[in-house]
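Coordinates in review
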Amino acid sequence: MALLTVFTPAYNRASTLPRTYQSLCEQECKDFIWLIVDDGSSDNTRELVEGWKNQDNGFEIQYIYKKNGGMHTAHNVAYENIHTELNVCIDSDDRMAEGAVKKIKTAWLKVRNKNYAGLIGLDADMNTGRIIGKDFSYGLKETTLGGYYASGGEGDKKLVYRTDVINSVPPYPVFEGEKYVGLVYKYTLIDQKYKLFVLNDVLCDVEYQMDGSSNTMFRQYLKNPKGFAFIRIENMKNQKRIRLFIFAFLIISALSAAFSFAVSAEESGIYFEDYE
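The model shown is predicted, which means the values in this text are computed figures rather than measured ones. (Residues numbered from 1 in each chain as written. Predicted model: local features only at pLDDT ≥ 70, side-chain atom pairs only at ≥ 80, totals over all residues. Heavy atoms only, no water.)

1. Quick look at the overall build of the chain
The condition that has to hold: Each helix corresponds to a stretch of at least 4 residues labelled H or I by DSSP, and each strand to a stretch of at least 2 residues labelled E; elements are numbered beginning at the N terminus. Buried means the residue's accessible area, taken with a 1.4 Å probe over protein chains only, is under 20% of the maximum for its type, while exposed means over 50%, and partly exposed covers the values in between. Any two residues having at least one pair of non-hydrogen atoms within 4.5 Å are treated as being in contact. The protein chains shown are the only cover counted for residues, whose accessible areas, like all others here, come from Shrake-Rupley with a 1.4 Å probe.
What the chain contains, in helices and strands, is nine helices and nine strands. In the chain, which comprises 276 residues, the share counted as buried stands at 45%. Considering only intrachain contacts with a sequence separation of at least 6, the fraction spanning at least 24 residues in the chain is 78%. In the structure as shown, the chain presents an accessible area of about 15,300 Å², 54% of it carried by carbon and sulfur atoms.

2. Considering the environment of F7
Mapping F7 onto the fold places it in strand 1 (residues 4-10). Sequence separation between F7 and I90 is 83 residues; the distance between their C-alpha atoms is 6.2 Å. Apart from residues lying up to four places away in sequence, F7 is in contact with L35, H75, A78, Y79, I82, N87, V88, C89 and I90.

3. Re the confidence of the model for the chain
Rule in force here: On a range of 0 to 100, pLDDT expresses the predictor's confidence in each residue.
Looking at the chain as a whole, the pLDDT averages 87, with 83% of positions reaching at least 70. Here residues 242-276 scores under 50 on pLDDT; set against residues more than four positions off or in separate chains, the count is five contacts.

4. Considerations on the nonpolar core
The tendency in soluble globular proteins is for nonpolar side chains to be buried side by side. Where we set the bar: By convention a nonpolar core is built from buried Ala, Val, Leu, Ile, Met, Phe, Trp, Tyr and Cys residues, the set being connected through side-chain atoms within 4.5 Å.
One finds L4, V6, W34 and M96 to be the most contacted residues of the largest nonpolar core, which totals 35 residues. Mapped onto this core, the elements with two or more residues apiece are strand 1, helix 1 (17-25), strand 2 (32-38), helix 2 (45-53), strand 3 (60-65), strand 4 (86-89), helix 4 (100-111) and strand 9 (196-206). At six residues, the largest contribution of residues to this core is made by helix 4. Counting residues in each nonpolar core, the second largest holds 31 residues, with A117, F136, V169 and I231 among its members.

5. Section: the packing of helix 1 against helix 2
Two quantities define a packed helix pair, namely the angle between the axes and the distance from one axis to the other. What counts here: To get an axis, fit a line to the C-alpha atoms, keeping to the stretch in contact for a helix; angles then go from 0 to 180 degrees between the N-to-C directions. Should an angle fall under 35 degrees it is taken as roughly parallel, and over 145 as roughly antiparallel, whereas 65 to 115 is taken as roughly perpendicular and any remaining angle as oblique. Crossing handedness: left-handed means the near helix sits turned counterclockwise from the far one by under a right angle, and right-handed means the same turn made clockwise.
Contact geometry for helix 1 and helix 2: axes closest at 11 Å, N-to-C directions at 20°. Taken as axis vectors, helix 1 and helix 2 run roughly parallel relative to one another. Here helix 1 runs over helix 2; the crossing is right-handed. For the pair formed by helix 1 and helix 2, the contact residues are L17, P18 and Y21 on the first element and T45, L48, V49 and W52 on the second.

6. Description of a positive patch on the surface
Short version of the rule: Each patch is built from residues that are more than 30% exposed by relative accessible area and take part in no salt bridge. Like charges join if they lie within 9 Å; nonpolar side chains (Val, Leu, Ile, Met, Phe, Trp, Tyr) join within 5 Å. The salt bridge definition used is simple: a Lys or Arg side-chain nitrogen within 4 Å of an Asp or Glu carboxyl oxygen. The charged-residue count follows a simple rule in which Lys and Arg add positive charge and Asp and Glu add negative charge, with His and chain termini not counted at all. For charged residues, the charge sits on one atom: NZ in Lys, CZ in Arg, CG in Asp, CD in Glu.
Side chains of K67, K179, R219 and K223 sit close together on the surface and give a patch of like positive charge. Take K67: it is sitting in the loop between strand 3 and helix 3 (71-81).

7. Quick notes on the pairing of strand 1
Which entries qualify depends on this criterion: Strands qualify as paired when DSSP identifies two bridges or more between them.
Among the seven residues that make up strand 1, seven are buried, leaving the element largely enclosed by the rest of the structure. Both faces of strand 1 are covered, namely the face carrying L4, V6, T8 and A10 and the face carrying T5, F7 and P9. Pairing geometry for strand 1 and strand 2, over seven bridges, is parallel. Paired with F7 across the strands is L35, a residue of strand 2. Where strand 1 and strand 4 come together, four bridges link them in parallel fashion. Counted as the bridge partner of L4 is L86 from strand 4.

8. Observations regarding unusual backbone geometry
One non-glycine residue, N12, lies in the positive phi region at around 50°. Topologically, N12 is positioned in the loop between strand 1 and helix 1. Phi is positive for N115, which is not a glycine, with a value near 65°. Assignment of secondary structure puts N115 in the loop between helix 4 and strand 6 (118-125).

9. Details of the environment of R162
Quick reminder of the rule: Counting of polar contacts relies on pairs of N or O atoms within 3.5 Å, with two restrictions inside protein: one atom must be capable of donating a hydrogen and the other of accepting it, and residues adjacent in sequence are counted only when both atoms are side-chain atoms.
Mapped onto the elements, R162 comes out in strand 8 (residues 157-162). When sequence neighbours within four positions are dropped, the list of residues in contact with R162 reads E85, L86, N87, W108, N115, Y116, A117, G118 and Y194. Of the polar contacts made by the side chain of R162, one reaches the backbone oxygen of Y116; its length is 2.9 Å. Among the polar contacts made by the side chain of R162, one reaches the side chain of D164 at a distance of 2.8 Å.

10. Describing helix 2
Rule in force here: The arc in question is formed by the directions pointing from the helix axis toward the C-beta atoms.
Residues T45, V49 and W52 constitute the buried set of helix 2. What you see down the axis of helix 2 is that its buried residues fit within an arc of 60°, all on one side. As for helix 2, its buried residues are in contact with helix 1, strand 2 and strand 3.

Written out as structure tokens, the structure reads:
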């Protein structure tokens, strides 16, 4: 079985999907499966993919068509059908960076036994080559996604997750009549238990579309109030968990220090009388 599944949610992206396909064909390492989850496209996405499946690509192509439900529902379907050790999402208007699969495989084989949730790598602008946000050149070796941004990190990053880890947390909820829930929901839950190994390499070349989710966020907010409210509530829960964890950590640290001091004092022959 392949090590990695590259999955691509697609909705009426027949005009840009060929460059995603071409970037995968150009990968030196072909130890992956490409899974396209068609989120109810009405263009010729299916015909394109069926044609590619008949080519000698060097990698397996899988295609699933579903009723349109939004990006998060396409992720749910992808995770239900991925059986490789690792997975990464490459959007239908993006390109897998040159040599990215080999870089992922090489890095992962070095750290796969260290209980990381996966890898975190870089995105770059496919037209200029510039890193999106900041890179990891300041020496960061491991992080959580939330921890990276909390410490001053910027820009979208490419996440490569272990499939067992991504499926260990609940799927994205679906609200009737809505088609958006932030993908960060699952990532935040994973942050509570695992860290990501940092890979300071570009894994994906991106181009933000005018009708893409990044550029239509305000409209998404108006059309999907339940989805946005859900994420706000979950964020508040997680912040509370973090505060409780920090409080417990401080108490335990204080008790540990007090115990160590008491033991040291007793060993030194120092005794304390009750103060009245």
